[in-house]
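Architecture and fold: a report
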Amino acid sequence: MTIDAHQHFWHYEPVKHSWINDDMALIRRDFLPTDLKKVYETHGIDGCVAVQADQTLDETDFLVGLSRENDFIKGVVGWADLRDEHIDEFLERYASHKKLKGWRHVVQGEPDHNFLIRPEFLRGISYLEKYGYTYDILVFPHQLGATLEFVKNFPHQKFVIDHIAKPYIRDGFYEGWAVLMAEIAKMENVSCKVSGMITEADYATWKPHQITPYMDLVLNSFGPERILYGSDWPVCLVAGNYGQVKDLVVDFIDTLSPTEKAAIMGDNAITFYNL
């Protein structure tokens, strides 16, 4: 089964989605399951994990609702304020939503480079394992030092790094990102999504060979058993179409065994998110 482990839905609102800048004007519209289902039928995708894009409880409820109405949405990664002193009770209330698999915070947008390792956030994360929840780590490379310290605090919590930690591919920066990613990968409870890569390169001129060194590092560090394919649809559309995103990964893993390919393209997502 082929699973897209990372995509988004939204009703576009200019204020709420202000992160969609002029360079990304193409995606200033609604993106809903009816749109994505057609894409998946064309490209042979069997299901997906819908990931939060807005940091509100309404967003979590919106995605959970869509998952109830659309069988191909196999799992949801929502948002909650994990720093809240009542987070344990909150997580317990949401535990009845079986397609709600985990949580994410847009840490990349936090001005505090050490956001992940602040005591109140660590306290919230400590409750996730109790309910079998996963946590998606969304960071920029300059936050990877804190990320390493963060994951070391929870050796049994299931973590996945989104978008290979968004390396600055368009600028050719590699070494600092690579060193820390390899170190984080030593934690066997941490996985990594090969997603969101073409939008870290130059939107108009990117080529697969520019991204290959970053995928090589991820594959060599995490291994095929801890890598998840994700499209980052519809954000990916500012730099390419769905076929290009999928082919980038499929072509890269072409020399792997059939079992390893199946793992990256779906089986690992099924296992990680308990789909």
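Summary of the structure given here. The written sequence of each chain sets the order in which its residues are numbered from 1. In view of the model being predicted, local features appear only for residues whose pLDDT reaches at least 70, and side-chain atom pairs are presented and counted only at 80 or more, with totals across whole chains, interfaces and linings using the full set of residues. Calculation of side-chain values draws on the structure's entire complement of heavy atoms; hydrogens and water are dropped beforehand.

On a plain count of helices and strands, the chain comes out with 9 helices and 8 strands. Against the globule reference of 19 Å for 275 residues, the chain gives a C-alpha radius of gyration of 17 Å, in line with a compact fold. With respect to the three principal axes, the spread of C-alpha positions in the chain is 45 × 40 × 40 Å. Residues classed as buried in the chain amount to 56% of the 275 residues present. Within the chain, residue pairs in contact and separated by at least 24 positions form 79% of the contacts whose partners lie at least 6 positions apart. Note on areas: Shrake-Rupley, 1.4 Å probe, and residue coverage restricted to the protein chains presented here. On the chain, roughly 11900 Å² of surface is accessible, and the fraction owed to carbon and sulfur atoms is 51%. Within this scheme the basic residues Lys and Arg register as positive and the acidic residues Asp and Glu register as negative, but His and the chain ends are omitted. Here the site of a charge means atom NZ of a Lys, CZ of an Arg, CG of an Asp or CD of a Glu. Positive and negative charge centroids in the chain, built from 26 and 41 side chains respectively, lie 3 Å apart. Each helix is a run of DSSP H or I of at least 4 residues and each strand a run of E of at least 2, with the numbering of both proceeding from the N terminus. Note on method: radius of gyration uses C-alpha positions; expected globular size equals 2.2 Å times residues raised to 0.38. Burial classes: relative accessible area under 20% of the type maximum marks a residue as buried, over 50% as exposed, and values in between as partly exposed (1.4 Å probe, protein chains only). By definition, residues are in contact when any of their heavy atoms lie within 4.5 Å.

This next bit is on a negative patch on the surface. Residues enter patches when their relative accessible area tops 30% and they take part in no salt bridge; the joining distance is 9 Å for like charges and 5 Å for the nonpolar side chains Val, Leu, Ile, Met, Phe, Trp and Tyr. We define a salt bridge as a contact between a side-chain nitrogen of Lys or Arg and a carboxyl oxygen of Asp or Glu at a distance within 4 Å. A contiguous patch of negative charge, built from Asp84, Glu85, Glu89 and Glu92, is present on the exposed surface. Among the secondary structure elements, Glu85 is positioned in the loop between strand 3 (73-78) and helix 3 (87-94). Here Glu85 falls in the exposed class, since its relative accessible area comes to 59%.

Every buried residue of helix 8 (residues 242-252) is accounted for by Tyr242, Gly243, Val245, Lys246, Leu248, Val249 and Phe252. Of the surrounding elements, those touching the buried residues of helix 8 are strand 1 (3-7), helix 1 (33-43), strand 7 (190-194), helix 7 (208-222), strand 8 (227-229) and helix 9 (258-273). The N-terminus of helix 8 is capped by Asn241, whose side-chain oxygen sits 3.1 Å from the backbone nitrogen of Gly243. Polar contacts here mean pairs of N or O atoms no more than 3.5 Å apart (in protein, one a potential hydrogen donor and the other a potential acceptor; neighbouring residues in sequence count only if both atoms are side-chain atoms).

The nonpolar side chains of a soluble globular protein tend to be buried with one another. The set of buried Ala, Val, Leu, Ile, Met, Phe, Trp, Tyr and Cys residues whose side-chain atoms join them within 4.5 Å is what this entry labels a nonpolar core. Formed by 86 residues in total, the largest nonpolar core has its most connected members in Trp103, Tyr135, Phe150, Trp177 and Met181. If you tally residues by element for this core, the top one is helix 7, at 7 residues. In contact with Trp177, not counting residues within four places along its chain, are Pro141, Leu144, Ile164, Ala165, Pro167, Tyr214, Leu217 and Val218. One finds Val49, Val51, Val160 and Ala269 within the second-largest nonpolar core, a separate group that totals 10 residues.

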